[in-house]
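One letter stands for each residue in the lines below.
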Amino acid sequence: MTAMSSLPQLPLAGLKVLEMGSLIAGPFAAKTLGDFGAEVIKIEPPGVGDPLRSWRTAEGVTSVWWHVQARHKKSVAIDLRKPEGQDLVRRLALEADVVIENFRPGTLEQWGLDYDTLSAKNPQLIMLRISGYGQTGPMRDLAGFGVVAEAMGGFRYITGVPGEAPVRPGISIGDSLSALHGVIGVLLALYHRVKNGGRGQMIDVALYESVFNMMEGAVPEYDRNGVIREPAGSAIQGIAPTNAYPTSDGLYVLIAGNGDGIFRRLMSAIGRDDLGNDPALARNPGRVTHMDRIDQAIAAWTAARSLNDCLALLGQAGVPAGKVYTVKDIVEDEHYQARGMLQDITLDDGSRLKVPGVVPKLSATPGRLEGGGPALGEHTESVLAGLGLDESQLAQLKEKGVI
């Protein structure tokens, strides 16, 4: 247990969240709410649980990722395909403030667990629905994963090296962006419900739209000027200079010298005042026209120095620069440590595990970080007992395979 757990104020304390979903997007949203005090009840299929339990791990061994994604959650094993299981979830939804799901559209309707059905009995209910293409539109029924959404949202096209296959980042960025958009939606709906005396509502988050929302000025640039943003490797189209430059020790230094004043300081630091004082390069449009010339000058300077020397000299000049962090670099970094972004937790078997800290950081009501993810069905009996089910009823449900 970390020191954070001793803090009494949690901004979402008392909020009840019912999570139906698996893997990344829905569970990530619920995890974020749980970090700040929400009680999260996670529904999992009996016997197998969320597939994330076994991702990136050996057969029969719980994934360490699970202890990040499922922290602060109660695991309740219920078979949603069975009428008795659906009835149990309807009863749990009566007591919930928020329901989170990321099934394919139409699935909850088939089970009688859709927003209209649940909100008829619980008008204050807020439901977050995350899907590939949203709950409406001609593509709503298609299976949609983050990898496809990242392409449809425009992200994949601009990521990579010109002329080569589009590159995906080594994380499920589309799912995570959708989860965060979902959290924003939940908080907006909660504010409306409390501040304006409103009812609950349904929040429709599409994976591709969450990615598309990150595309900055791509649409108006195309609409007004016919410009299509293209992949630019480690640079970025239309902004200069910002790139990854080789160093003498075989590494790369990232330099962002695209502000007008920063550019002049950068050119002075590398001994190229001729470029820094060139009127044609004083503003970004001119620098973009001469991007290759500028990048060659910077690369010649960095290639003659080690990464640490580059960072020291650029830091003295007030030029934003950094190294490319591996996870090893992150774990060993003193700034990460000072910010509380690396925390040690104790698992049920007594072992210690290092996990990411809580984001964002609130000054008066910070989040918590206690332990790892629950065992499959660990809280089934206690949660269902809270609905009034006795031992005999629980035994019958077990016999039928409902729980």
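Residues numbered from 1 in each chain as written. Predicted model: local features only at pLDDT ≥ 70, side-chain atom pairs only at ≥ 80, totals over all residues. Heavy atoms only, no water.

Once that is clear, we can look at the overall build of the protein chain. A tally of helices and strands in the protein chain yields 18 helices and 11 strands. When the 403 residues of the protein chain are sorted by exposure, 45% land in the buried category. Restricting the contact set of the protein chain to residue pairs at least 6 apart, pairs at least 24 apart contribute 66%. Split by element, the accessible area of the protein chain, about 20400 Å² in all, is 55% carbon and sulfur. Averaging the positions of the 39 positive and the 46 negative side-chain charges in the protein chain gives two centres separated by 3 Å. (Helix = DSSP H or I, 4+ residues; strand = E, 2+ residues; numbered from the N terminus. Buried < 20%, exposed > 50% of the residue type's maximum accessible area, 1.4 Å probe, protein only. Contact = heavy atoms within 4.5 Å. Areas by Shrake-Rupley, 256 points an atom, 1.4 Å probe, with all protein chains shown as cover. Lys, Arg positive; Asp, Glu negative; His and termini not counted. Charge placed at Lys NZ, Arg CZ, Asp CG, Glu CD.)

Ordered by their spatial adjacency, six strands build an open sheet running β3-β2-β1-β4-β5-β6, and the pairing between neighbours is parallel. Taken across any chain shown, the strands that pair with only one partner, and hence form the sheet edges, are β3 (73–77) and β6 (202–206). For this sheet, the mean inter-axis angle between neighbouring strands, taken without regard to orientation, is 20°. The sheet contact formed by strand β5 (residues 126–131) and β6 spans five bridges and is parallel. Bridging from a neighbouring strand, Met127 pairs with Met202 of β6. Along the sheet, helix α1 (residues 25–35) contacts β1 (16–20), β2 (39–44), β3, β4 (98–101) and β5; its crossing angle with β4, the most-contacted strand, is approximately 150°. Where helix α3 (residues 83–94) meets the sheet, its contacts fall on β1, β2 and β4, and the angle it forms with β1 comes to roughly 155°. (Pairing = 2+ DSSP bridges. Axes fitted to C-alpha atoms, helices over the stretch in contact; angles between N-to-C directions.)

A few words on the nonpolar core. Grouped together as the largest cluster of nonpolar side chains are 35 residues, with contacts concentrated most on Val17, Leu33, Ile100 and Leu128. Going through the elements one at a time, α1, β4, β5, α7 (173–195), β6, α8 (207–212) and β11 (352–356) are the ones with two or more residues in this core. For Leu33, the contacting residues outside a window of four places in its chain are Leu12, Val17, Ala38, Ile100, Val183, Val186 and Leu187. Membership of the second largest hydrophobic core comes to 28 residues, among which are Leu92, Val99, Leu125 and Leu384. (Core = buried A, V, L, I, M, F, W, Y, C linked by side-chain atoms within 4.5 Å.)

Attention shifts here to helix α13 (residues 291–302). Under the 1.5 Å per step criterion, the end-to-end length of α13 is 16 Å for 12 residues, consistent within 8% with the ideal 16 Å. For α13, the complete set of buried residues consists of Met291, Ile294, Asp295, Ala297, Ile298, Trp301 and Thr302. The buried residues of α13 all sit within an arc of 160° when viewed along its axis, so they share a single face. Along α13, exposed side chains directed more than 90 degrees from the buried face belong to Asp292, Gln296 and Ala300. (Expected span 1.5 Å × (residues − 1). Arc of directions from axis to C-beta.)

Counting buried residues along β2, five of its six residues qualify, which places the element largely inside the surrounding structure. For β1 and β2, the ladder comprises five bridges, and the chain directions are parallel. Bridge pairing in β2 places Glu19 opposite Lys42. Each parallel crossover has a hand, and the one from β1 via α1 to β2 is right-handed. In the sheet, β2 pairs with β3 via five bridges, with the strands oriented parallel. Directly across from Val40, in β3, lies its bridge partner Lys73. (Right-handed = clockwise from strand over helix to strand, strands pointing away.)

Our next topic: the packing of helix α10 (residues 260–269) against α13. When two helices pack together, their arrangement is given by the angle between the helix axes and the distance between those axes. Where α10 meets α13, the axes come as close as 10 Å, and the angle between the chain directions of the two elements is 45°. As far as their axial angle goes, α13 and α10 are oblique. Crossing hand, α10 versus α13: left-handed. Between α10, through Phe263, Leu266, Met267 and Ala269, and α13, the contact on the second element is made entirely by Ile294, Ile298 and Trp301. Looking at the contact of α10 with α13, its residues break down into seven nonpolar, no polar and no charged. (Parallel < 35°, antiparallel > 145°, perpendicular 65-115°, else oblique. Left-handed = near helix turned anticlockwise from the far one by under 90°. Nonpolar A, V, L, I, M, F, W, Y, C, P; charged D, E, K, R; others polar.)

Our next topic: the confidence of the model for the protein chain. Confidence in the prediction of the protein chain, expressed as mean pLDDT, is 95, and 98% of residues score 70 or more. Below pLDDT 50 for its whole length, residues 1–6 participates in 11 contacts with residues either more than four positions away or in separate chains. (pLDDT = per-residue confidence, 0-100.)

Between Ala240 and the following residue, Pro241, the backbone shows a cis peptide bond with an omega angle of -10°. As for its position among the elements, Pro241 is in the loop between α9 (218–225) and β7 (242–246). Across the junction of Val359 and Pro360, the peptide omega takes the value 0°, indicating a cis bond. Within the secondary structure layout, Pro360 lies in the loop between β11 and α17 (380–385). We note that Arg56 has phi near 55°; this positive angle belongs to a residue other than glycine. With respect to the helices and strands, Arg56 occurs in the loop between β2 and α2 (66–69). The exposed category is assigned to Arg56, whose relative accessible area is 69%. Not every positive phi belongs to a glycine, and Glu216 is a case in point at roughly 50°. Within the secondary structure layout, Glu216 lies in the loop between α8 and α9.

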